[in-house]
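Residue-level structural notes
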Amino acid sequence: MLRWLPSLILMAFAGWMIYQADRGIPNLFIQFADQYVYGDKIGHAMLYGGLALFLTVATRFRQWRIGGWRLFVGVVLVLIAALLEEGSQYFLSTRNFDLWDAFADVVGVTLAQLFCWLWLGTGNRYRQMRRKLR
C-alpha cells in the first residue's frame, strides 16, 4: 500500500494547483514558474512526468498494448487526465488554453515512459547476469 503514497501526494498537489488556477487564486508555485523562460512548460513536464512515473511504479509497471506499443498503465492514465485537464481550460473563463502546455504534458509523460522502459530493461539485464553467474 505504501507504493501508492507518492502518487497520491503528487495527485493531491496537482489537484490543489488546478483548483487554485481554475478559481484564479494566486499560487506561489505558478508565480515562481512564471519568473523563468519556459518555467511554466518545465513545470507541466515535471508535474505530469513525475505523476506518470510514480503511478507506473505504484501499478507495478503494468502495461497495456495499444496500437503495437506496450505502454505503462500509469503513463496512459496520466496522459488522458492531463489532456482532459488542458482541454477543459478552453471552457473556463479564468484559464487560458495553451497548446504548448499540452505539448509539455506529453513531453513529461513520454520521458516517464522512456525512463520506465530503461529502468525495467536495466533490471532485467541485471537479473540475467546474476542467473549466469550462479
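One structure accompanies this document, and this report is about it. Everything numeric here is computed off the predicted structure, so don't read it as measured data.

Digging into the packing of aromatic side chains
- Applying the stated criterion across every chain yields a total of 11 aromatic pairs.
- For the pair F61 and F72, a centre-to-centre distance of 6.0 Å together with 75° between the ring planes defines the contact as edge-to-face. In this pair, F61 is assigned in the loop between α3 (39-58) and β1 (63-66) and F72 in strand β2 (residues 69-72), connecting sequence segments 11 residues apart. You'll find F61 and F72 in the same group, each marked buried.

Description of the packing of helix α1 (residues 5-23) against α3
- At a closest axis distance of 8 Å, the pairing of α1 and α3 adopts a crossing angle of 150°. In terms of orientation, α1 and α3 fall into the roughly antiparallel class. The interaxial crossing formed by α1 with α3 has left-handed handedness. Along its contact with α1, which presents P6, S7, L10, M11, F13, A14 and I18, the element α3 presents L47, Y48, G50, L51, F54, L55 and A58.
- Here the residues of the contact of α1 with α3 sort into 12 nonpolar, 2 polar and no charged.

Overview of the pairing of β2
- Relative to β2, β1 runs antiparallel, the two being bridged by 4 bridges. When the bridges of β2 are listed, I66 appears paired with W69.
- The hairpin formed by β1 and β2 contains 2 residues between the paired strands, and G67 there has a positive phi angle of roughly 55°.

Criteria and thresholds
- Residues numbered from 1 in each chain as written.
- Predicted model: local features only at pLDDT ≥ 70, side-chain atom pairs only at ≥ 80, totals over all residues.
- Heavy atoms only, no water.
- Phe/Tyr/Trp six-rings, centres within 6.5 Å; stacked < 30°, edge-to-face > 60°.
- Helix = DSSP H or I, 4+ residues; strand = E, 2+ residues; numbered from the N terminus.
- Buried < 20%, exposed > 50% of the residue type's maximum accessible area, 1.4 Å probe, protein only.
- Axes fitted to C-alpha atoms, helices over the stretch in contact; angles between N-to-C directions.
- Parallel < 35°, antiparallel > 145°, perpendicular 65-115°, else oblique.
- Left-handed = near helix turned anticlockwise from the far one by under 90°.
- Contact = heavy atoms within 4.5 Å.
- Nonpolar A, V, L, I, M, F, W, Y, C, P; charged D, E, K, R; others polar.
- Pairing = 2+ DSSP bridges.

Keep in mind these values describe shape, not function.
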